[in-house]
Amino acid sequence: MKGVIRKLTNLSLVSVAMLGPVLTLPQGALALTEQEILQKLNTVPVFLIVNGEGQSLTASVNNEETDIQVPIVFISSDEAEAFLDQAEEEQSELAAEAQIAVLPLSEVYEEASVQLEGAESLVYIPSSESVTQATELVDREIQGVPLFAAVDLENDQYLLTGNNTLPMFFSLQDLQSQLSNLIANNPDLEDSIGVEVVSFEAILSNLDSDDPDLNQFLELIQFVPASQTLEYLQSPQPAGGQGQ
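Residues numbered from 1 in each chain as written. Predicted model: local features only at pLDDT ≥ 70, side-chain atom pairs only at ≥ 80, totals over all residues. Heavy atoms only, no water.

**Considering the pairing of strand 9 (residues 166–169)**
In strand 9, alternate side chains face the same way, and those of Leu166 and Met168 on one face and Pro167 and Phe169 on the other are all buried. Relative to strand 11 (residues 221–224), strand 9 runs parallel, the two being bridged by four bridges. Among the inter-strand pairings, Pro167 is bridged to a residue of strand 11, identified as Gln222. (Buried < 20%, exposed > 50% of the residue type's maximum accessible area, 1.4 Å probe, protein only. Helix = DSSP H or I, 4+ residues; strand = E, 2+ residues; numbered from the N terminus. Pairing = 2+ DSSP bridges.)

Have a look at this one:
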């Protein structure tokens, strides 16, 4: 995880102003509190497949030589719907009463923290498109859910927004749209801005870190849901097709 920590610059993704040369953070940043972690995750909608009794679809994972059942968490509505479509095609018993439930990740995280080792113990299903794009960017196989962040290639620094947050996008297209606006007004920046791929699971597993340097990095992160996800949430859903 420390490999993704970089010096941070205040070059805004939404304005051309340089708000300062290098962001100065207080030394010895404290670990994120449980409330701070939940606030960060509250902005991330996730999708679960649930039965008529509200029980979520689970997967068996090995934990200290013991198999346990953990919820399957879909990051993309498309992947959750595709799973249900396949279940119907295969005439699975699950398909008869299954539906998609939408929850903020903070709720899933809080429950997992009580019942399991932590939210990183859950099984996260990324958008297949995001995995393909991330694999092409880093030229290696991607494990887990990819997040995309903008970086200053010349100075090896992450780029922050004007309000000193570090956006990490679940959608590469959404990040590229932000960068296109910036580059359109600053053509000379085109060759100096790149994209870094970070593992969402790695971020989650370190949210309660007691490493001061890592905490400085985590405090700045703002998760940005895919615009496709937000559009799904705003669109009318078929009766019985979405639960809360």
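Next, the rest of the story.
**With respect to helix 1 (residues 34–41)**
For helix 1, the complete set of buried residues consists of Ile37, Leu38, Lys40 and Leu41. All buried residues of helix 1 fall inside an arc of 160° around its axis, so they share one side. (Arc of directions from axis to C-beta.)

**Re a negative patch on the surface**
A cluster of acidic residues, Asp78, Glu81, Asp85, Glu88, Glu89, Glu90 and Glu129, forms a negative patch at the surface. At five residues, helix 2 (residues 77–89) tops the list of elements feeding residues into the negative patch. Tracing the backbone shows Asp78 in helix 2. For Asp78, a relative accessible area of 43% translates into the label partly exposed. (Patch = residues over 30% accessible without salt bridge, like charges linked within 9 Å, V, L, I, M, F, W, Y side chains within 5 Å. Areas by Shrake-Rupley, 256 points an atom, 1.4 Å probe, with all protein chains shown as cover. Salt bridge = Lys/Arg side-chain N within 4 Å of Asp/Glu carboxyl O. Lys, Arg positive; Asp, Glu negative; His and termini not counted. Charge placed at Lys NZ, Arg CZ, Asp CG, Glu CD.)

**Focus: unusual backbone geometry**
A positive phi angle, close to 60°, is found at Asp139, a residue other than glycine. As for its placement among the helices and strands, Asp139 is situated in the loop between helix 4 (128–138) and strand 7 (146–152). The class of Asp139 is exposed, set by a relative accessible area of 70%. Here Asn164, not a glycine, exhibits a phi torsion of approximately 60°, which is positive. Relative to the helices and strands, Asn164 is located in the loop between strand 8 (157–159) and strand 9. Judged by relative accessible area, Asn164 falls into the partly exposed class, the value being 30%.

**Side note on helix 2**
For helix 2, which comprises 13 residues, the first-to-last C-alpha distance of 18 Å matches the rise-based estimate of 18 Å (1.5 Å per residue) to within 8%. All buried positions along helix 2 are accounted for by Ser77, Glu79, Ala80, Leu84 and Ala87. For helix 2, the secondary structure elements touched by its buried residues are strand 2 (45–50), strand 4 (66–74), strand 5 (99–104), strand 6 (123–125), helix 4 and helix 8 (227–234). The opening residue of helix 2 is Ser76, an N-cap whose side-chain oxygen sits 3.1 Å from the backbone nitrogen of Asp78. Backbone geometry just after helix 2 places Gln91 at a positive phi near 55°. (Expected span 1.5 Å × (residues − 1). Contact = heavy atoms within 4.5 Å. Polar contact = N/O pair within 3.5 Å; in protein donor to acceptor, adjacent residues only side chain to side chain.)

**Observations concerning the nonpolar core**
Residues Tyr124, Met168, Phe200, Ile203, Phe217 and Phe223 are the most contacted members of the largest nonpolar core, which totals 38 residues. Residues Ala134, Ile142, Phe169 and Leu172 belong to the second largest nonpolar core, which totals 14 residues. (Core = buried A, V, L, I, M, F, W, Y, C linked by side-chain atoms within 4.5 Å.)

**Structural notes on the confidence of the model for the protein**
Atomic detail in the predicted coordinates should be set aside for any region of low pLDDT. For the protein, per-residue confidence averages 80 on the pLDDT scale, and 81% of positions sit at 70 or higher. For residues 14–26, every residue scores under 50 in pLDDT, and the model assigns this stretch 26 contacts once sequence neighbours within four places are set aside. (pLDDT = per-residue confidence, 0-100.)

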